[in-house]
Amino acid sequence: LPTIKAYKVELRLLFQNLISNAIKYSKPDVAPVIKITSSTEKEYDVFSIIDNGIGIDPMHQKEIFRIFNRVNEENPNKGDGVGLAHCDKIIRMHEGSITVNSVPGAGSTFTFKLKKDAFL
C-alpha cells in the first residue's frame, strides 16, 4: 500500500469501518475473505476493499452512503446507518470519492480515491 498524506485517526476509522462491514455482512457458514488493493490514478491513490459477503442490491448501492439509511433490514447484524456515511465524509475530507460495486450473494467491492496532495 502507498504512503499517503491523511488524517491518521480518520483513515484508521475508514479502513476499520469498511473491513468490519465486510465481516459483519459475510455469508452464514462461509469464512469471510477480504482483499485490499491499491493503485494510483493521476493525482489520486485508489484503494479497493473486496469481500465475498452477502452483497448489496443494485437499487440500494447509492443509498448506503446516506446517514441513518439502513438498507439490509433482514440481516440480524444490521447497523445504525452511520458507518458508511462517515466513510464518505472522511473520504470527502481528503478530496476523494467512494463507490461500491456489488452483486447480491457474490460480495462487494468498495473503491475509494484519496487525493495525493489534499489540502489537510
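Structure shown above.
Residues numbered from 1 in each chain as written. Predicted model: local features only at pLDDT ≥ 70, side-chain atom pairs only at ≥ 80, totals over all residues. Heavy atoms only, no water.

**Q** Which residues make up the pairing of strand β2 (residues 44-51), and what values go with them?
**A** For β2, a buried count of 6 out of 8 residues is recorded, marking the element as mostly surrounded by other parts of the structure. One ladder, built from 8 bridges, connects strand β1 (residues 34-41) with β2; its direction is antiparallel. Within the sheet, the bridge partner assigned to Thr 40 lies in β2 and is Asp 45. Sheet topology note: the β2/strand β4 (residues 107-115) ladder contains 7 bridges and is antiparallel. Of the residues in β4, the one forming a bridge with Ile 49 is Phe 110. (Buried < 20%, exposed > 50% of the residue type's maximum accessible area, 1.4 Å probe, protein only. Helix = DSSP H or I, 4+ residues; strand = E, 2+ residues; numbered from the N terminus. Pairing = 2+ DSSP bridges.)

**Q** I'd like to hear about the environment of Asp 57, residue by residue, with values.
**A** For Asp 57, the position within the fold is in the loop between β2 and α2 (83-93). Sequence-wise, Asp 57 and Asn 101 are 44 residues apart; in three dimensions their C-alpha atoms are separated by 9.8 Å.

**Q** Which residues make up the packing of helix α1 (residues 8-24) against α2, and what are the values?
**A** Contact geometry of α1 with α2 gives a least axis separation of 9 Å together with a crossing angle of 145°. When the axes of α1 and α2 are compared, the crossing they make is left-handed. Seen from α1, the contacting residues are Glu 10, Leu 13, Leu 14, Asn 17, Leu 18 and Asn 21; seen from α2, they are Gly 83, Leu 84, His 86, Cys 87, Ile 90, Ile 91 and Met 93. Across the contact of α1 with α2, the residue classes break down as 8 nonpolar, 4 polar and 1 charged. (Axes fitted to C-alpha atoms, helices over the stretch in contact; angles between N-to-C directions. Left-handed = near helix turned anticlockwise from the far one by under 90°. Contact = heavy atoms within 4.5 Å. Nonpolar A, V, L, I, M, F, W, Y, C, P; charged D, E, K, R; others polar.)

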